[in-house]
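Descriptive analysis of the structure
Next come the chains, spelled out residue by residue.
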Amino acid sequence: MSDRTLRIFRRQSSVSVLGPGKRAVVWVQGCQFACNNCIVPDSWDETAGELLTVAELTDWTIAQPEIEGLTFSGGEPMLQAEALLDLVESVRQQVDRGVVCYTGYRLEHLQQHGTPAQQAFLQQIDLLIDGVYVEQKHGDLLWRGSTNQRLLPLTNRYQSLISAMISQGDRSAGLEFFMEKTGEIGFFGVPIIPGFYQEFESRMLSRGVIVNPIKEEN
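Let me sum up the structure you'll find in this document. (Residues numbered from 1 in each chain as written. Predicted model: local features only at pLDDT ≥ 70, side-chain atom pairs only at ≥ 80, totals over all residues. Heavy atoms only, no water.)

**Things to note about the pattern of salt bridges**
One pass over the full model with this rule turns up 9 salt bridges. With its nearest N and O atoms 3.4 Å apart, the salt bridge here joins Arg23 to Glu68. With a gap of 45 residues between them, Arg23 in strand S2 (residues 23-28) and Glu68 in the loop between helix H1 (54-63) and strand S4 (69-73) connect regions that are remote in the sequence. Taking relative accessible area as the criterion, Arg23 reaches 0% and is therefore assigned buried. With its nearest N and O atoms 2.6 Å apart, the salt bridge here joins Asp130 to Arg150. (Salt bridge = Lys/Arg side-chain N within 4 Å of Asp/Glu carboxyl O. Helix = DSSP H or I, 4+ residues; strand = E, 2+ residues; numbered from the N terminus. Buried < 20%, exposed > 50% of the residue type's maximum accessible area, 1.4 Å probe, protein only.)

Structural data, given as structure tokens:
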């Protein structure tokens, strides 16, 4: 098994609003896009976060019960493509898991200008959600925050499912709220309106509650 390490912002299972079915989600640490009104700017710093080995994340993923697959977000997953490739290959040697990946890069850029590791990682992704979050193009969309972002099935694993879901309306999968042991409240998912986090944080803080969000808009 690879001895590479991954620097991550957070990991969570099981999450039902960031891809098909219930998923183990890994938010990587480090991003160079710095999207306006990103609500997890703490994930931008490439030197912060938690450092875990591929073996540790493999064991954690396999231990998650009744999940359909893995979702990678961030931060920017393509900055750690080598380690994520090792992780996916390691997990799939033991269990069948689908892979969803968010990236601020366009697919065409990765195909034409990506590193060998990024292009090899693309070959392991079942569903790519590409493009930076653009606040002015915010929309109520399935698994993504703005209309420039695309759902791109790279294999046939989710193709029929996505087509069926979109045919019923391209709408957000909603939010899942959680409470930390510290009492902080947060959420997973893609809000249907821009500025949701700021309003939510303001109202919670007025009640003395700290907000610790994880959502997808990059």
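**Things to note about the packing of aromatic side chains**
By convention here, two paired aromatic rings are described through the distance between centres and the angle between planes. One pass over the structure, following the stated rule, counts 5 aromatic pairs. Measuring from centroid to centroid gives 6.1 Å for Phe72 and Phe121, while their planes differ by 55°, and the two rings are tilted. Here the residue Phe72 occupies a position in strand S4, and Phe121 occupies one in helix H4 (residues 116-122), the gap between them amounting to 49 residues. According to the relative accessible area criterion, Phe121 is buried, its value standing at 0%. Following the ring pairs from residue to residue traces out a cluster consisting of Trp27, Phe178 and Phe188. (Phe/Tyr/Trp six-rings, centres within 6.5 Å; stacked < 30°, edge-to-face > 60°.)

**Observations regarding the nonpolar core**
Judged by nonpolar contacts, the single largest core of 31 residues is most densely connected at Phe72, Met78, Leu87, Phe121, Ile125 and Leu128. At the level of secondary structure, the elements contributing two or more residues to this core comprise strand S1 (5-15), S2, H1, S4, helix H2 (81-92), strand S5 (98-103), helix H3 (107-113) and H4. Of all the elements, H2 adds the most residues to this core, at 7 residues. One finds Val100, Leu142, Trp143 and Tyr158 within the second-largest nonpolar core, a separate group that totals 16 residues. (Core = buried A, V, L, I, M, F, W, Y, C linked by side-chain atoms within 4.5 Å.)

**Here we look at the side chain of Gln29**
By secondary structure assignment, the location of Gln29 is in the loop between S2 and strand S3 (50-53). Within the structure, the side chain of Gln29 is placed 2.8 Å from the backbone oxygen of Asp45, a separation counted as a polar contact. Excluding its chain neighbours within four sequence positions, the residues that come into contact with Gln29 are Arg7, Ile8, Phe9, Asp42, Ser43, Trp44, Asp45, Ala48, Gly49 and Gln80. (Polar contact = N/O pair within 3.5 Å; in protein donor to acceptor, adjacent residues only side chain to side chain. Contact = heavy atoms within 4.5 Å.)

**Describing the side chain of Asp126**
Its location among the elements puts Asp126 in the loop between H4 and strand S6 (127-130). Separated by 2.7 Å, the side chains of Asp126 and Thr155 make a polar contact.

**Observations concerning the environment of Pro41**
For Pro41, the position within the fold is in the loop between S2 and S3. The class for Pro41 is partly exposed, based on a relative accessible area of 39%. Put simply, Pro41 and Cys31 are 10 residues apart on the chain and 8.8 Å apart in space, counted from C-alpha to C-alpha.

**Let's talk about the sheet that holds S2**
Across the sheet, 7 strands lie side by side as S3-S1-S2-S4-S5-S6-S9; this open sheet has mixed pairing. In this open sheet, the two edge strands, each paired with only one partner strand, are S3 and strand S9 (150-153). This sheet shows a mean twist of 30° between the axes of neighbouring strands, independent of strand direction. Set on the sheet, H1 makes contact with S1, S2, S3 and S4; between it and S3 the angle comes to about 80°. (Pairing = 2+ DSSP bridges. Axes fitted to C-alpha atoms, helices over the stretch in contact; angles between N-to-C directions.)

**Observations concerning the pairing of strand S11 (residues 185-189)**
Among the 5 residues in S11, 5 count as buried, and that is most of the element. Burial along S11 is two-sided: Ile185, Phe187 and Gly189 facing one way and Gly186 and Phe188 facing the other are all buried. Looking at chain direction, strand S10 (residues 175-179) and S11 are connected through 5 bridges and run antiparallel. Residue pairing in the sheet places Met179 in a bridge with Ile185 of S11. Connecting S10 to the antiparallel partner S11 that follows it, the hairpin turn spans 5 residues, and Gly183 within it adopts a positive phi of roughly 95°.

**Thoughts on H2**
Taking 1.5 Å as the rise per residue, H2 with 12 residues should run 16 Å; its terminal C-alpha atoms sit 16 Å apart, in good agreement. Of all 12 residues in H2, 9 are buried; the element is thus mostly enclosed. Burial in H2 covers these residues: Ala81, Ala83, Leu84, Leu85, Asp86, Leu87, Val88, Ser90 and Val91. Close packing links the buried residues of H2 with S1, S2, H1, S4, S5 and H4. (Expected span 1.5 Å × (residues − 1).)

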